[in-house]
Amino acid sequence: QVQLVESGGGLVQPGGSLRLSCAASGSAFSLYTMGWYRQAPGKQRELVATITSLGRTYYTDSVKGRFTISRDNAKNTVYLQMNSLKPEDTAVYYCNAPKGGLSGPWPDWGQGTQVTVSS
């Protein structure tokens, strides 16, 4: 089965850091733009960051300068390094191939990983 498995979330204090990982199944991972999404309680899912097959990155304004997306194609894995975390970053974080790029082979979202930023 094709799948996406997120990990690395947890509870951190404001100003802390976390590194999220997304392991993707498939034999052509390197072809796809990949993205990190998050969904907070009562809010719609939002796209946080993307990285193309060639390494070009995009970040939503609220995380610019604090988050870094990267990928390791040999490991079929995309990462999200989150620094200077704020309470408003609290959400469940998901990865997937975002709209606008080559359609990915993953028909379903993963389970996500919970990030909670609180003192």
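For clarity, every value in this text was computed on a predicted model and none was experimentally measured.

Cut-offs and rules
Residues numbered from 1 in each chain as written. Predicted model: local features only at pLDDT ≥ 70, side-chain atom pairs only at ≥ 80, totals over all residues. Heavy atoms only, no water. Phe/Tyr/Trp six-rings, centres within 6.5 Å; stacked < 30°, edge-to-face > 60°. Helix = DSSP H or I, 4+ residues; strand = E, 2+ residues; numbered from the N terminus. Buried < 20%, exposed > 50% of the residue type's maximum accessible area, 1.4 Å probe, protein only. Lys NZ or Arg CZ within 6 Å of the ring centre and 35° of its normal.

(A) Summary view of the packing of aromatic side chains. Tallied over the entire structure, the rule returns 3 aromatic pairs. Ring plane angle 65° and centroid distance 5.3 Å describe the contact between Tyr-32 and Trp-106, whose orientation is recorded as edge-to-face. Of this pair, Tyr-32 sits in the loop between strand S3 (18–24) and strand S4 (34–39) while Trp-106 sits in the loop between strand S9 (91–96) and strand S10 (113–117); the two residues are 74 residues apart in sequence, bridging distant segments of the chain. With relative accessibility at 11%, the residue Tyr-32 sits in the buried group. Through a chain of ring-to-ring contacts, the aromatic side chains of Tyr-37, Tyr-94 and Trp-109 assemble into a single cluster. Against the face of Tyr-37 rests Arg-45, its NZ or CZ located 5.9 Å from the ring centre. For Arg-71, the ring lying beneath its charged end belongs to Phe-29, and the centroid distance is 4.6 Å.

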